[in-house]
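Listed here are the chains, written in short residue letters.
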Amino acid sequence: MLEITNVSKAFFPHTANERVALRDVSLNLDAGDFVTIIGSNGAGKSTLLNVVAGRYHADLGSVSIDGHTVTQLPDYKVARYVGRVFQDPMAGTAPHLTIEENLAIAYGRSHGFGLRLGVTRSARRRFREELAILDQGLEDRLTARVGLLSGGQRQALSLVMATFTKPKILLLDEHTAALDPHRAEVITHLTQAIVEREHLTTLMVTHNMEQALQLGNRLVMMHEGRIIFELAGEDKKKATVADLMERFGDAASQLSDRTLLG
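Below is a summary of the structure that appears in this document.

Rules and cut-offs
- Residues numbered from 1 in each chain as written.
- Predicted model: local features only at pLDDT ≥ 70, side-chain atom pairs only at ≥ 80, totals over all residues.
- Heavy atoms only, no water.
- Helix = DSSP H or I, 4+ residues; strand = E, 2+ residues; numbered from the N terminus.
- Rg over C-alpha atoms; globule rule 2.2 N^0.38 Å.
- Buried < 20%, exposed > 50% of the residue type's maximum accessible area, 1.4 Å probe, protein only.
- Contact = heavy atoms within 4.5 Å.
- Areas by Shrake-Rupley, 256 points an atom, 1.4 Å probe, with all protein chains shown as cover.
- Lys, Arg positive; Asp, Glu negative; His and termini not counted.
- Charge placed at Lys NZ, Arg CZ, Asp CG, Glu CD.
- Pairing = 2+ DSSP bridges.
- Axes fitted to C-alpha atoms, helices over the stretch in contact; angles between N-to-C directions.
- Parallel < 35°, antiparallel > 145°, perpendicular 65-115°, else oblique.
- Left-handed = near helix turned anticlockwise from the far one by under 90°.
- Nonpolar A, V, L, I, M, F, W, Y, C, P; charged D, E, K, R; others polar.
- Salt bridge = Lys/Arg side-chain N within 4 Å of Asp/Glu carboxyl O.
- Expected span 1.5 Å × (residues − 1).
- Right-handed = clockwise from strand over helix to strand, strands pointing away.

Comments concerning the overall build of the chain
Along the chain, the regular secondary structure elements total nine helices and 10 strands. Computed over its C-alpha atoms, the radius of gyration of the chain comes to 19 Å, within 12% of the 18 Å expected for a compact globule of 262 residues. The C-alpha extent of the chain, read off along each of the three principal axes, is 65 × 40 × 35 Å. For the chain, the residues scored as buried account for 48% of the 262 residues in total. Contacts in the chain between residues far apart in sequence, at least 24 positions, make up 66% of those at least 6 positions apart. Summed over its atoms, the accessible surface of the chain is roughly 13,000 Å², and 49% of this surface lies on carbon and sulfur atoms. Each charge sign in the chain was given a centre, from 29 positive and 31 negative side chains, and these centres are 8 Å apart.

Dropping the structure here:
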């Protein structure tokens, strides 16, 4: 479903400010996989999501979604395959538009229609059904401007906008990090429920190791632009935060030793 093959990405290449964000990264997701990505600041987690989404283009390597090579496509073309929720609740919605207008744009974008504000009766019924799942009363506020919603409500709406068209890949970029603990927990449970219900193939970046262990069937840790280890299946289910910290220390140390010896 998602094939990331030998991808490298550098910013300000061939200058004194060159920063290599991704180094020969390969990662494959089968249909229905839910992979959480953890790592320190600057590890390359968000850059990897941006490369998949088409916001950044890889310098080397390739990205394929559902058999379609998207490596050099602009983000607006990749959008027909991808749903995304950002860290900032303000980023995924248009605050000056209503809830139903935001949903209409999300639907149009995924189907290649561009900006489309018209809302039909059948579309409005579909929007109500999708919003009712959130159990936050948004289905009764379709004509309310999104800017009036709380951060948690906006992030819940962003989650629906990213998933109700069943994208080939769902990208979650620390989508609970800007919320208070209670709202973060609500969005985490909603994420799990929606992904499982729609059988969505998902790639999620998080700094929260407990969340990374709780969600998904696979876990990947990145460091200095590389994937340094992965857990899956029973190994992931049995792992603890302490185990992750120990594995990170061992893997990072080995990577540093190889760099020095090289």
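Some thoughts on the sheet that holds strand 5 (residues 68-69)
Spatially, the four strands line up as an open sheet ordered 2-1-4-5, and their pairing is antiparallel. Each of the sheet's edge strands pairs with one partner strand only, and the pair in question is strand 2 (19-29) and strand 5. Relative to strand 2, strand 1 (residues 2-11) is paired through seven bridges, and the arrangement is antiparallel. Bridging from a neighbouring strand, Glu3 pairs with Asn28 of strand 2.

Some points on the packing of helix 5 (residues 151-163) against helix 6 (residues 181-198)
Following both chains from N to C, one finds helix 5 and helix 6 inclined at 15 degrees, their axes separated by 10 Å at the closest point. In terms of orientation, helix 5 lies roughly parallel with respect to helix 6. Crossing geometry of helix 5 relative to helix 6 is assigned as right-handed. Contact residues: helix 5 offers Gly152, Gln155, Ala156, Leu159 and Thr163, while helix 6 offers Arg183, Ile187, Leu190, Thr191 and Ile194. Class assignment for the residues of the contact of helix 5 with helix 6 results in five nonpolar, four polar and one charged.

Overview of helix 1 (residues 45-53)
Summarising burial for helix 1: eight of the nine residues are buried, a large majority. Within the sequence span of helix 1, burial applies to Lys45, Thr47, Leu48, Leu49, Asn50, Val51, Val52 and Ala53. Gly54 lies just past helix 1 and shows a positive phi near 90 degrees.

Describing the pattern of salt bridges
Pairs may arise between side chains of opposite charge once their charged atoms sit close together. Summed over the entire model, instances satisfying the criterion amount to 13 salt bridges. Asp140 is the salt-bridge partner of Arg128, the closest N and O atoms lying 3.9 Å from each other. Note that Arg128 is positioned in helix 4 (residues 121-132) and Asp140 in the loop between helix 4 and helix 5, a separation of 12 residues in sequence. When its relative accessible area of 38% is taken as the criterion, Arg128 is described as partly exposed. Residue Glu230 is joined to Arg218 by a salt bridge in which the shortest nitrogen-to-oxygen separation is 2.7 Å. Taken together, the residues Glu230 in strand 10 (residues 226-232) and Arg218 in strand 9 (residues 218-223) connect sequence positions 12 residues apart. Salt bridges here are not isolated pairs; linked through shared partners, they connect Arg126, Glu130, Lys166, Arg197 and Glu198.

Looking at the sheet that holds strand 7 (residues 169-173)
Pairing is mixed across the open sheet formed by six strands, whose spatial order is 6-7-8-3-9-10. One side of each edge strand has no neighbouring strand; the edge strands of this open sheet are strand 6 (82-85) and strand 10. Pairs of neighbouring strands in the sheet enclose a mean axial angle of 20 degrees, with direction left out of account. Examined bridge by bridge, strand 6 and strand 7 share four bridges and lie parallel to one another. Residue pairing for strand 7: Val82 is matched across the bridge by Ile169. Packed onto the sheet, helix 1 meets strand 3 (34-39), strand 6, strand 7, strand 8 (202-205) and strand 9 and runs at close to 150 degrees relative to strand 7. Sitting on the sheet, helix 5 is in contact with strand 6 and strand 7, with an inclination near 175 degrees to strand 6.

Side note on helix 6
Each α-helix winds once per 3.6 residues, and so residues spaced three or four apart point in a common direction. For helix 6, with 18 residues, the first-to-last C-alpha span of 26 Å sits near the 26 Å given by 1.5 Å per residue. Within helix 6, the full set of buried residues consists of Ala184, Ile187, Thr188, Leu190, Thr191, Ile194, Val195 and Glu198. For helix 6, the elements touching its buried residues are strand 3, helix 5, strand 7, strand 8 and helix 7 (209-214). Immediately downstream of helix 6, the backbone of His199 shows phi near 55 degrees, a positive value.

Structural notes on the pairing of strand 8
Judged by which residues are buried, strand 8 turns out to be covered on both faces: Thr202 and Met204 on one side and Leu203 and Val205 on the other are all buried. Note that strand 3 and strand 8 share four bridges and pair parallel. Counted as the bridge partner of Phe34 is Thr202 from strand 8. Note: strand 7 against strand 8, four bridges, orientation parallel. Bridging from a neighbouring strand, Leu171 pairs with Leu203 of strand 8. Following the chain from strand 7 across helix 6 to the adjacent parallel strand 8, one finds a crossover that is right-handed.

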